[in-house]
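Reading the structure
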Amino acid sequence: MNVNRWVDDCLEALDDGSEWQPEASLARARLRDLDRQARIKRRWAWATAAAACLGLLAFIEPRACAMPRGCFQSAAENTAPRPAVAAPVTESTNPARAAAAQSVKPPALVPKTETRAARNYKESGSAYAPIACEIYSDYECPSCAAFFRDTLPLLVAEYVQTGKVRLFHRDFPLAQHSYAKLAARYANAAGQAGQYDKAVSRLFQTQDIWGASGDIEAQLTPVLSPAVMRKVRDMVAHDQRLDDTVAADQAMGVSDRLRATPTLVVVWKGNRQSISPIPSYALLKSYLDDLLARQ
Amino acid sequence: METREASFDFEAFFHAHYQRIARAIGRVVGDHARAEEIAVEAFWKLWRNPRAQGEKAGGWVYRTAVRLALNELRRQARSTRYELLSGRVVYHGRQSPTPEEAHAATERREQVRRVLAALDPRQAELLLLRSSGLRYGELAAAIDVNPASVGTLIGRAQQAFRKEYLKQYGETT
């Protein structure tokens, strides 16, 4: 017996001879339905996981921070009168409000040929970004320094420079830090002179040194040019409007019910979500990715 | 549902292969509605597996479909055994009143399906893929073996099929 032929005959017997035509269009619709259901499930799973992790992290101490949970407002500061807040937490607290707050900054005092003054030096990223992240920090806060050193560069590279996130820096100097407000004045003066990022980076890098001595200028001098340094020194000494910038940021922090630094406020579709302590970059990334996926 | 990779057009692939795959599954499970469900499941697995999407997607989805069909066949066989033991309904598949020849053909199909369900899964897959019209090259890609060894594997699978058939139904003409 030819086994090959015999097996072929057996398998041919499986054909029932009917004129059945599988319905491709119905099958395609079923596939789309499966895909939609899977997306919904995935979205819920991500949202649940992100919410659970953020909730848990509120009770977990980040290892990298010298002050594990960031720097909290002192009791005295909590009982002190709050800066006046014009409006409750609504759409006025979104990036548009931030831009308005920036408009109170003093103009540059040096000739344009010497330094380039940046409008909105505390902002970066696309104005059309779907998410805005506002970082409240205190220059003497060790956790803020760790955030600026470890997390912020990754956030900027992956989300800000790609147009997904618009970033806002907010000053929130705490009362228990003697030189934090002065450091904020220096940073904002450097921002007026177009050197904000450089000054901020240097201030966080050397916070242990100037935090002990109070000599902030000595730490900024090596990284800023003499012309810029001269302008910064002059503004810090005479320009009272630098404090207005800080006060505006603090007012926003109060309206966001800020309790510690650093705090990240994520603004998405008009909603403001305060996150403190700020989680690891991986978790923050999953949270932002989930928001972006829900666009 | 958008296409994930520019190089792989899922929509075109689906329309090119769906009916053929559904019919191949239908031959195995003998139930058209169930065959369409299994075919959709096979394509769903392909959609969710970007690594399978590419030049070898055809072989991959055929192998997956046949594997799912054989799983269904084995599930049916287990169910039949249970029903036999419990004295409940025995027959699977369509059993409308038909002429004697049609009944014999139906019996023959059920015999072949039972033999396939009892066979080693890889050998059953190979035989079914071959009977679906896949060429040696496509078969080799689908089951991930050297094309030169496909002939040998088919020969062994055919021998195994005949041995199992004789074991279940005795000598045939």
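Residues numbered from 1 in each chain as written. Chains lettered and ligands numbered in written order. Predicted model: local features only at pLDDT ≥ 70, side-chain atom pairs only at ≥ 80, totals over all residues.

1. Details of the interface of chain B and chain A
Our working definition: Any two residues are considered in contact once their C-beta atoms, placed from the backbone, lie within 7 Å. The numbering of helices and of strands both runs from the N terminus, where a helix is a DSSP run of H or I of at least 4 residues and a strand a run of E of at least 2. For this classification, Asp, Glu, Lys and Arg are treated as charged, while Ala, Val, Leu, Ile, Met, Phe, Trp, Tyr, Cys and Pro are nonpolar and the rest, including Gly, are polar.
Contact residues are listed per partner, giving 27 residues for chain B and 22 residues for chain A. For the side of chain B that touches chain A, the elements supplying multiple residues, two or more each, are helix 1 (10–29), helix 2 (32–47), helix 4 (100–118), helix 5 (121–131) and helix 7 (150–169) of chain B. Among the elements that take part in the side of chain B that touches chain A, helix 1 of chain B stands out by supplying nine residues, more than any other. For the side of chain B that touches chain A, the class distribution of residues is 14 nonpolar, seven polar and six charged.

2. Section: the pairing of strand 7 (residues 271–275) of chain A
All names here are of chain A. So the rule is basically this: Pairing between strands is defined by DSSP: at least two bridges between them are needed.
In the sheet, strand 6 (residues 263–268) pairs with strand 7 via five bridges, with the strands oriented antiparallel. Residue W268 lies in a different strand from strand 7, and its bridge partner there is N271. Two successive antiparallel strands, strand 6 and strand 7, enclose a turn made up of two residues, where K269 displays a positive phi of approximately 55°.

3. A closer look at the sheet that holds strand 4 (residues 165–171) of chain A
Residues and elements named next belong to chain A. We apply this condition: Every axis corresponds to a line fitted to the C-alpha atoms, with the helix fit spanning only the stretch in contact, and the corresponding angles, defined between N-to-C directions, vary from 0 to 180 degrees.
Pairing is mixed across the open sheet formed by five strands, whose spatial order is 2-4-3-6-7. Both outer strands of the open sheet, strand 2 (123–124) and strand 7, are each paired with one neighbouring strand and no more. In this sheet, strand 6 lies alongside strand 3 (residues 131–137) in antiparallel orientation, the contact comprising six bridges. From the neighbouring strand, A132 faces strand 6, where its bridge partner is V267. The sheet strands contacting helix 11 (residues 241–255) are strand 3 and strand 4, and the helix crosses strand 4 at an angle near 110°.

4. Section: the environment of Q53(B)
Checked against the element boundaries, Q53(B) lands in the loop between helix 2 and helix 3 (57–86). Residues Q53(B) and F8(B), spaced 45 residues apart in sequence, show a C-alpha to C-alpha distance of 6.4 Å.

5. Things to note about the environment of I216(A)
Residues and elements named next belong to chain A. By the element assignment, I216 lies in helix 9 (residues 216–220). For the pair I216 and L182, spaced 34 residues apart in sequence, the C-alpha to C-alpha distance is 8.2 Å. Look past the residues within four positions of I216 in its chain and what remains in contact with it is Y179, L182, A183, Y186 and W210.

6. Thoughts on helix 11 of chain A
Residues and elements named next belong to chain A. Applicable threshold: Given a helix with a known number of residues, its expected span is that number minus one, times 1.5 Å. For the exposure call, what matters is how many other C-beta atoms sit within 10 Å of a residue's own: 20 or more marks it buried, 12 or fewer exposed, and in between partly exposed, using C-beta atoms placed from the backbone.
The end-to-end C-alpha distance of helix 11 is 21 Å, a good match for the 21 Å that 15 residues give at a rise of 1.5 Å each. Here helix 11 has its buried residues at L242, T245, V246, A248, D249, Q250, M252, G253 and S255. The first or second residue beyond helix 11 is R257, which carries a positive phi of 60°.

7. Points about the confidence of the model for chain B
Basically, it comes down to this: Scored between 0 and 100, pLDDT is the confidence that the predictor attaches to each residue.
The pLDDT averaged across chain B works out to 81; a share of 84% of its residues lies at or above 70. Reported confidence for the predicted complex is 0.71 by ipTM and 0.44 by pTM.

8. Regarding the packing of helix 5 of chain B against helix 7 of chain B
Residue and element names in this part refer to chain B. Our working definition: Orientation is classified from the angle alone, with under 35 degrees giving roughly parallel, over 145 giving roughly antiparallel, 65 to 115 giving roughly perpendicular, and any other angle giving oblique.
One way to put it is that helix 5 packs onto helix 7 with a least axis distance of 9 Å and a crossing angle of 105°. One finds that helix 5 runs roughly perpendicular with respect to helix 7. In this structure, helix 5 uses Q123, L126, L127 and R130 to contact helix 7, whose residues at the interface are L153, I154, R156, A157, A160 and F161. A per-class count over the contact of helix 5 with helix 7 returns seven nonpolar, one polar and two charged.

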